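# Per-entry structural report
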Amino acid sequence: MRIAALPVVLSLLLPAVATAQTAPSLTLQQVMADPDWIGAPVEQAWWSWDGKQVQYLLKREGATIRDTWRQPVEGGAAQKVEGAARAELDAANPALDPQRTRMAFVRNGDVFVRDLRSGALTQVTRTDAAEALPQWSRDGNLVFRLGNDWYQWRAGAGVSQAALIKAEKDPDAAPKADDLRDRQLRMISTLKDDKARRDAARVQEQQWRHEDATRAPAPAYLGSDVTIVDSLLSPDARWLLVVTTAQGADEGQAGKMPKYVTESGYEEFEDARTRVGHNAPLPQRLWLVDVASAKVSELKFDALPGIKDDPLAALRKTAKQDALTGNRDVQVLTSGDNSGPPSIRWSDDGRNAAVMVRAIDNKDRWIATIDLASAKLQPRHRLTDPAWINWGFNDFGWTADNALWLLSEQSGHSHLYLSDGGTPRALTSGQWEASAPTLSPDGRTFYFLCNRKWPGDYEVCAVDRAGGAVRELTDLGGVEDFSLSPDGAQVLVRHSRAYMPPQLSVVSSGGGSAKQLTDTRKDAFKARDWMQPEYVQVPSRHGAGTVWGKYYGPKNPEAGRKYPIVMFVHGAGYLQNVDDRWPEYFREQMFHNMLVEHGYIVLDLDYRGSEGYGRDWRTAIYRNMGHPELEDYLDGLDWLATTKQGDKDRAGIYGGSYGGFMTFMALFRSPGTFKAGAALRPVSDWSQYNHEYTSNILNTPQLDPEAYLVSSPIEYADKLQDHLLIAHGMIDDNVFFKDSVMLTQRLIELRKDKWEIAPYPLERHSFVHPDAWYDEYRRIFELFERTLK
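Notes on the structure in this doc start here. (Residues numbered from 1 in each chain as written. Predicted model: local features only at pLDDT ≥ 70, side-chain atom pairs only at ≥ 80, totals over all residues. Heavy atoms only, no water.)

## Here's the deal with the overall build of the chain
Check the secondary structure of the chain and you find 14 helices and 45 strands. Computed over C-alpha atoms, the radius of gyration of the chain comes to 29 Å, within 12% of the 28 Å expected from 2.2 N^0.38 for 789 residues, which places it in the range of a compact globule. Scored against the burial criterion, the 789 residues of the chain give a buried share of 53%. Summed over its atoms, the accessible surface of the chain is roughly 34300 Å², and 49% of this surface lies on carbon and sulfur atoms. Within the chain, one finds 92 positive and 107 negative side-chain charges whose respective centroids are separated by 2 Å. (Helix = DSSP H or I, 4+ residues; strand = E, 2+ residues; numbered from the N terminus. Rg over C-alpha atoms; globule rule 2.2 N^0.38 Å. Buried < 20%, exposed > 50% of the residue type's maximum accessible area, 1.4 Å probe, protein only. Areas by Shrake-Rupley, 256 points an atom, 1.4 Å probe, with all protein chains shown as cover. Lys, Arg positive; Asp, Glu negative; His and termini not counted. Charge placed at Lys NZ, Arg CZ, Asp CG, Glu CD.)

Encoded structure:
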């Protein structure tokens with residue numbers, strides 16, 4: 001085992017070293033430098049109220065501060081918004097009233113209203129608290145949330161309390177039966193009279209509150225045995241939906257992460273996440289509150305089809321666990337880490353609400369509407385999957401005339417559906433994915449992202465609500481996201497390319513040529529002749545069809561020469577890296593340019609499990625992580641040898657996070673195939689990872705131990721025979737440094753050689769310091785130079 005730095009290769013340090021061929025033009029110092037030298041990407045963008053300007057965020061050079069800039073749509077220079085001018089800014093994701101004459105938004109935690117006819121700006125709140133979720137009713141009522149309290153605003157009427165919920169026992173509730181209390185009240189007339197007066201005063205107070213329109217609504221009490229998780233008020237402030245969990249529920253034992261290099265000079269410890277199977281998401285309950293009467297009704301989940309089925313019954317039986325009885329546990333939250341808003345959508349007239357419910361086992365997802373009069377759920381759509389329901393592609397909402405629209409992967413790819421009361425009908429279809437839908441102001445057209453041409457080409461598309469052909473409005477290749485102008489006439493598009501970080505363009509909502517508004521790249525970056533990736537299709541010998549990849553190699557390969565191979569594995573598992581966008585791995589892309597200049601060829605694959613290719617591709621790794629993906633890389637290796645003059649006897653592999661896990665699997669499960677591998681921030685044992693991600697794919701260690709044995713690299717460590725570099729941030733709160741420490745001990749006990757570990761005391765999962773980036777990739781480059789050349 002080696003920890004000390006290896007001798008530095010001079011070709012990494014100098015811009016030009018004399019060789020028999022063309023000198024390399026890239027240095028590792030530049031590739032791994034602070035990305036300020038590239039130019040800041042546009043991180044978020046939104047329209048000004050009049051559609052004449054766009055506003056966007058850029059990272060400030062040499063800082064972590066994000067400045068807001070303004071760019072005129074019809075020409076002119078961008079200007080940074082500073083000083084008092086910041087008080088006039090609009091904000092992203094505004095809520096427009098049904099007449100589209102006003103918009104409400106949250107800026108700096110306060111609610112503002114902009115009149116779209118005059119541009120007048122009204123500040124609704126000015127507090128240190130964080131207001132959120134503004135919504136308009138059809139008659140001009142604006143509601144918004146502060147914590148779990150709800151407020152409303154009307155022009156000329158100011159702010160008032162709209163609804164109040166408390167996780168407390170109702171003080172007016174009848175006490176539990178008790179013979180001692182009954183005896184006392186019967187025997188002691190003074191106690192009985194005092195109670196009668198209190199009861200009368202309470203009844204009178206309730207009557208006054210109900211009759212007096214100037215009074216705040218009465219609190220609604222949910223009981224002291226629950227914790228309020230989230231809530232959403234109807235725009236007319238009549239109904240409130242509330243999500244709760246059980247009070248004091250066990251959330252599992254959190255890890256303790258040591259920090260050795262600290263400002264205090266002492267060792268410190270940070271609470272970290274819990275492990276899979278030790279913190280199953282807490283079951284949730286859903287409540288309907290009639291605000292005027294403060295009446296609380298629980299919305300039972302019994303009506304959801306399949307709620308009593310157990311898709312894990314066979315595994316439960318094998319594991320000798322008790323059979324499931326009653327309904328499966330569910331949640332109303334949709335974010336993977338349970339930090340997002342509830343999946344509830346009110347129609348703007350307040351008469352309809354839809355809710356998305358997920359089984360805790362994530363095998364089912366339901367959308368139901370709510371019968372407000374009877375306080376019952378009415379199932380509208382069920383999506384079920386023997387593997388797991390995707391966290392993405394679950395958008396839903398209401399049209400102005402109360403038709404329900406939704407995304408679903410039920411066909412195998414995400415598509416848009418519309419229900420006018422019956423079974424949802426498909427508005428889009430095909431072997432591609434629709435995402436991020438938004439409805440035009442007139443309600444006739446849906447706009448969304450699509451990748452119809454090939455899986456990595458993302459454009460803004462449109463389809464009529466009535467159905468018909470899908471239209472592509474843009475031809476930009478790498479659309480990241482978009483937003484309609486307040487009047488719906490234009491589309492603001494944030495898009496990118498392989499060597500262009502996200503920028504802004506504007507296109508007519510009817511289509512046509514796009515007008516680019518920004519280019520924040522620095523001249524030094526633009527001046528370089530970057531190697532464009534070749535988008536390739538690798539044939540699968542394992543029944544996967546085509547595996548898409550990005551290939552980097554010489555423009556004019558030497559006849560008869562065989563090139564050493566480097567294969568890159570992207571992280572996250574469910575992530576798309578083979579697309580026409582600015583890659584999340586932009587440093588690695590520059591590193592691949594450098595590798596080619598040093599005589600290598602490089603292949604980056606969207607292996608099975610990756611995003612962008614539909615449900616079957618995503619779930620191919622269920623209960624079998626690391627196996628289909630390795631098959632795809634072995635097919636890629638054969639393809640390089642057959643079509644790109646690759647030398648299979650001189651192949652290396654590397655990647656971070658999931659890519660680090662796959663590097664382990666490649667070296668441990670196919671020893672001798674790859675002469676060297678670099679596993680960065682890698683998972684070595686899936687039982688150490690989080691619940692939300694891991695349990696989808698492998699269930700839990702207690703229920704499905706075989707899936708963890710099959711999928712964890714540490715179980716195959718005895719097969720290591722090739723060169724291995726492990727690099728890991730010591731304060732990684734995603735994949736714990738403990739994963740690499742455990743594998744280190746395992747390799748020591750196995751008496752393996754030809755491996756080394758590089759720890760980084762001040763880095764988390766994503767490195768942020770150029771010194772650490774440089775050191776890590778210097779080691780990777782030296783590993784390949786030493787073993788593949």
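## A closer look at the pattern of salt bridges
Side chains bearing opposite charge may pair, as long as their charged atoms lie close to each other. Within this structure, the stated rule accounts for 58 salt bridges. The partner of D385 in a salt bridge is R618, and the shortest N-O contact between them spans 4.0 Å. Taken together, the residues D385 in the loop between β25 (376-384) and β26 (396-398) and R618 in helix α8 (residues 615-619) connect sequence positions 233 residues apart. For D385, a relative accessible area of 8% corresponds to the buried category. Assessed through its relative accessible area of 1%, R618 is described here as buried. Taking the shortest distance from any N to any O, the salt bridge between R778 and E782 comes out at 3.0 Å. Note that R778 and E782 are positioned in helix α14 (residues 770-788) at a spacing of four residues, about one turn of the helix. Note on E782: relative accessible area 4%, which makes it buried. (Salt bridge = Lys/Arg side-chain N within 4 Å of Asp/Glu carboxyl O.)

## Some points on the packing of helix α3 (residues 179-187) against helix α4 (residues 189-211)
Contact geometry of α3 with α4 gives a least axis separation of 5 Å together with a crossing angle of 100 degrees. Here α4 runs roughly perpendicular to α3, going by the angle between their axes. Note on element contacts: α4 touches α3 through S189, L191, K192 and K195, opposite Q184, L185 and M187. Split into classes, the residues belonging to the contact of α3 with α4 amount to three nonpolar, two polar and two charged. (Axes fitted to C-alpha atoms, helices over the stretch in contact; angles between N-to-C directions. Parallel < 35°, antiparallel > 145°, perpendicular 65-115°, else oblique. Contact = heavy atoms within 4.5 Å. Nonpolar A, V, L, I, M, F, W, Y, C, P; charged D, E, K, R; others polar.)

## So, α14
Across its 19 residues, α14 extends 26 Å between first and last C-alpha, which sits within 8% of the 27 Å expected from 1.5 Å per residue. Within α14, 15 of the 19 residues are buried, which leaves the element mostly enclosed by the surrounding structure. (Expected span 1.5 Å × (residues − 1).)

## Here's the deal with the state of the cysteines
For the structure shown, the criterion picks out one disulfide. Put simply, C450 and C461 are joined by a disulfide, and their sulfur atoms are 2.0 Å apart. Of the two residues, C450 sits in strand β31 (residues 445-450) while C461 sits in strand β32 (residues 459-464), which places them 11 residues apart along the sequence. Look at C450 and you get buried, because its relative accessible area is 0%. Overall, C461 belongs to the buried group, its relative accessible area being 0%. (Disulfide = S-S within 2.5 Å.)

## Considering the sheet that holds strand β30 (residues 434-439)
Pairing is antiparallel in the open sheet, where four strands are placed in the order β30-β31-β32-β33. For this open sheet the edge positions go to β30 and β33 (471-472), each flanked by a neighbour on one side alone. Relative to β31, β30 is paired through four bridges, and the arrangement is antiparallel. Paired with L439 across the two strands is F446, which belongs to β31. (Pairing = 2+ DSSP bridges.)

## Overview of helix α10 (residues 658-669)
Spanning 12 residues, α10 covers 16 Å between terminal C-alpha atoms, matching the ideal 16 Å at 1.5 Å per step. Counting buried positions along α10 yields 11 of 12 residues, so the element is predominantly enclosed. Y658, G659, G660, F661, M662, T663, F664, M665, A666, L667 and F668 are the residues of α10 that are buried.

## Things to note about the pairing of strand β28 (residues 415-419)
In terms of residue burial, β28 counts as a mostly covered element, since five of its five residues are buried. In this sheet, β28 lies alongside strand β27 (residues 404-408) in antiparallel orientation, the contact comprising five bridges. Bridging from a neighbouring strand, L404 pairs with S419 of β28. Connecting β27 to the antiparallel partner β28 that follows it, the hairpin turn spans six residues, and G412 within it adopts a positive phi of roughly 105 degrees.

## Remarks on the sheet that holds strand β6 (residues 102-107)
Strand order in the open sheet made by the four strands is β5-β6-β7-β8, with antiparallel pairing throughout. Each of the sheet's edge strands pairs with one partner strand only, and the pair in question is β5 (95-96) and β8 (121-123). Where β6 and strand β7 (residues 110-115) come together, six bridges link them in antiparallel fashion. Pairing of R107 across the sheet is with D110, part of β7.

## Quick look at the nonpolar core
Counting 61 residues, the largest nonpolar core has M567, L603, F668, W686 and L724 as its most contacted members. Residue contributions to this core peak at eight residues, all from α10. Those residues in contact with F668 that lie beyond four places of it in its chain are P713, Y716, A717, K719, L720, L724 and L743. Residues F568, F591, Y600 and F767 belong to the second largest nonpolar core, which totals 43 residues. (Core = buried A, V, L, I, M, F, W, Y, C linked by side-chain atoms within 4.5 Å.)

## A look at the packing of aromatic side chains
For the coordinates displayed, the defined rule picks out 32 aromatic pairs. The interplanar angle of 75 degrees and the centroid separation of 5.6 Å between the aromatic rings of W37 and F525 together place this pair among those described as edge-to-face. Placement of W37 in the loop between α2 (28-31) and β1 (44-47) and of F525 in helix α6 (residues 523-526) is noted, with a sequence separation of 488 residues between them. The same class applies to W37 as to F525, namely buried. When the ring of W686 is compared with that of Y689, the centres are 5.7 Å apart and the planes differ by 80 degrees; the resulting orientation is edge-to-face. Ring-pair connections join several aromatic residues into one group, and the members of that group are F568, Y585, F591, Y654, Y760, F767, W773, Y777 and F784. Against the face of F112 rests R107, its NZ or CZ located 4.3 Å from the ring centre. One cation-aromatic arrangement involves R345 over F396; the distance from NZ or CZ to the ring centre is 4.8 Å. (Phe/Tyr/Trp six-rings, centres within 6.5 Å; stacked < 30°, edge-to-face > 60°. Lys NZ or Arg CZ within 6 Å of the ring centre and 35° of its normal.)

## Let's talk about the environment of R751
Looking at the secondary structure, you find R751 in the loop between α13 (737-749) and β45 (755-760). Judged by relative accessible area, which is 77%, R751 ranks as exposed. For the pair R751 and D718, spaced 33 residues apart in sequence, the C-alpha separation works out to 9.2 Å.

## What about the packing of helix α9 (residues 627-643) against α10?
Interaxial distance between α9 and α10 falls to 10 Å at its minimum, and their mutual angle equals 75 degrees. Considered as vectors, α9 and α10 are oriented roughly perpendicular to each other. On α10, the residues touching H627, E629 and L630 of α9 are Y658, F661, M662, M665, A666 and R669. Partitioned by chemical class, the residues of the contact of α9 with α10 number six nonpolar, one polar and two charged.

## As for unusual backbone geometry
Positioned with a positive phi, K320 is a non-glycine residue whose angle comes to about 60 degrees. Tracing the backbone shows K320 in the loop between α5 (313-318) and β21 (330-331). The phi dihedral of N362 is positive, around 60 degrees, even though this residue is not glycine. One can find N362 in the loop between β23 (353-359) and β24 (364-371).

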